[in-house]
Each structure stands twice: as structure tokens, then as C-alpha cells.
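Inside the fold
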Amino acid sequence: MTTSSLTPEERDFLLTLARETIEKAARVPAHDAEPVLDPPPTERLTEPGASFVTLHTVTGALRGCIGSLIARRALIDDVHANALAAAFHDPRFPPVTPEELPNLVVEVSVLSHPKPLKYKGPKDLVAKLRPNVDGVVLQKGMYRATFLPQVWEQLPTPETFLGHLCQKAGLPPDAWRAGDLEISTYQVEEFAESH
């Protein structure tokens, strides 16, 4: 997937794909229901891409969020799979029901490739992070977690952001202060349904 911005037509196609995938699967017992869509408007959407699909209620509450950090399949296939996962397999929430569909807002984030962030200690790490720009992947051994750049809206300081990200990974909230975590950053192109 190239890093240039998606066109409005490409964005609309991906949002429709995610929405129709969720709606069909919510109404059909088998969660592998394929939506019937026109062919993608451009070849670019069939190139490898990494995405997250986030579901919110119309009041803004999180209802599910699942995604891929690395581009391993066509972007349209990635959005399809992550829409199903966000709606029905996010362990933090019960599966979406047909009754909830009118009150869901679908958001798609297309990710750039994560790049390792070199840093020397906790102060340097805090200084190098760019709030509202960088998504962050944090890893220590088998412990790993990520926050999309949108999470900065709820956790605006690097210290708070990193503390919550450590907890999400299953680490103590101050684990980032030890300076021995692998950190990568990425950026996203994020777009959502209007409601």
C-alpha cells in the first residue's frame, strides 16, 4: 500500500465494505458471510495494506477495535477481516447484535509500516513521541500492545499514554521507564462514517 492519501471514493468503498461485512454477519449465523460489493474503484485497494477497524456507538463509546500492524494481505481483505473481528471477536465486548447496527459508527484506519524508534532512556522516549501523530507499538519479550494515534485524544501526555500502553501489554504501568522496551511508531490515515 502506498503512503499517498486515499481518494474519497476509496475511503467510501472501505467504509461500505466494513459496514456491509458487519451487517451481513450480524444477521447470518455464520460469521464468514461475504458482502456483495462492486469491484474496488482502484487497483491500489487490492495491494497489501494494514488496517484497523474501530466501532463506536453514536454517543462515542468504544464498541470494538481490531487490526493489523503489518501488511500481509490485500487492503480490502484486511478491512473485511478486521471488521468481522472488531464486531464479533474483540474480547473486551460481547458480539455486536442486529439491534445495535443503527447505532454503530464505523471507522477505518490505514497504517503506514511501523518503524523502530531508537531512544536513550525514558526522557528521550517521551521527547521523541509525537502526540496525535504517532501510533505506538510497545514490546518486551512476549508482551506487546499498540495504541492508534487517535488514543492520544484520551491520553494526551506521553507519560500517561505509555503507562496505559504498558498495562494493555500486560506490563506494569511504569515499565516504559526502565528504557528496555522495543518501541515502534507508525502513522494512520483515519476516516469514519458521518452520523
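Everything that follows concerns the structure shown earlier in this document.
One structure accompanies this document, and this report is about it.

**Quick word on the packing of aromatic side chains**
Scanning all chains against the criterion turns up two aromatic pairs. Judged by centre distance (5.4 Å) and plane angle (75°), the ring pair of F147 and F161 falls under edge-to-face. Taken together, the residues span a long stretch of sequence, with F147 in strand 6 (residues 143-147) and F161 in helix 4 (residues 158-169) at a distance of 14 residues. Judged by centre distance (3.8 Å) and plane angle (10°), the rings of W152 and F161 are stacked. According to the relative accessible area criterion, W152 is buried, its value standing at 1%. Feature note: the residues F147, W152 and F161 constitute an aromatic cluster, connected by ring pairs.

**What about the layout of surface pockets?**
By volume, the largest pocket amounts to about 700 Å³. Surrounding the largest pocket, 28 residues form its lining, C65, F147, L148, V151 and K168 being those nearest its centre. Where the lining of the largest pocket is concerned, the elements lending two or more residues are strand 1 (50-57), strand 2 (62-67) and strand 6.

**Overview of the sheet that holds strand 5 (residues 135-140)**
The antiparallel open sheet is built from four strands, whose spatial order is 4-7-5-6. Bordering the open sheet on either side are strand 4 (115-116) and strand 6, each of which pairs with just one other strand. Note that strand 5 and strand 6 share five bridges and pair antiparallel. Residue pairing across strands places V136 opposite F147, the latter belonging to strand 6. The sheet strands contacting helix 4 are strand 5 and strand 6, and the helix crosses strand 6 at an angle near 135°.

About the cut-offs
Residues numbered from 1 in each chain as written. Predicted model: local features only at pLDDT ≥ 70, side-chain atom pairs only at ≥ 80, totals over all residues. Heavy atoms only, no water. Phe/Tyr/Trp six-rings, centres within 6.5 Å; stacked < 30°, edge-to-face > 60°. Helix = DSSP H or I, 4+ residues; strand = E, 2+ residues; numbered from the N terminus. Buried < 20%, exposed > 50% of the residue type's maximum accessible area, 1.4 Å probe, protein only. 1 Å grid on protein atoms, 1.4 Å probe; cavity = no way out; pocket = protein on both sides within 12 Å on 5 of 7 lines; lining within 4 Å. Points joined across faces, edges and corners; volume = space filled by probe spheres on them. Pairing = 2+ DSSP bridges. Contact = heavy atoms within 4.5 Å. Axes fitted to C-alpha atoms, helices over the stretch in contact; angles between N-to-C directions.

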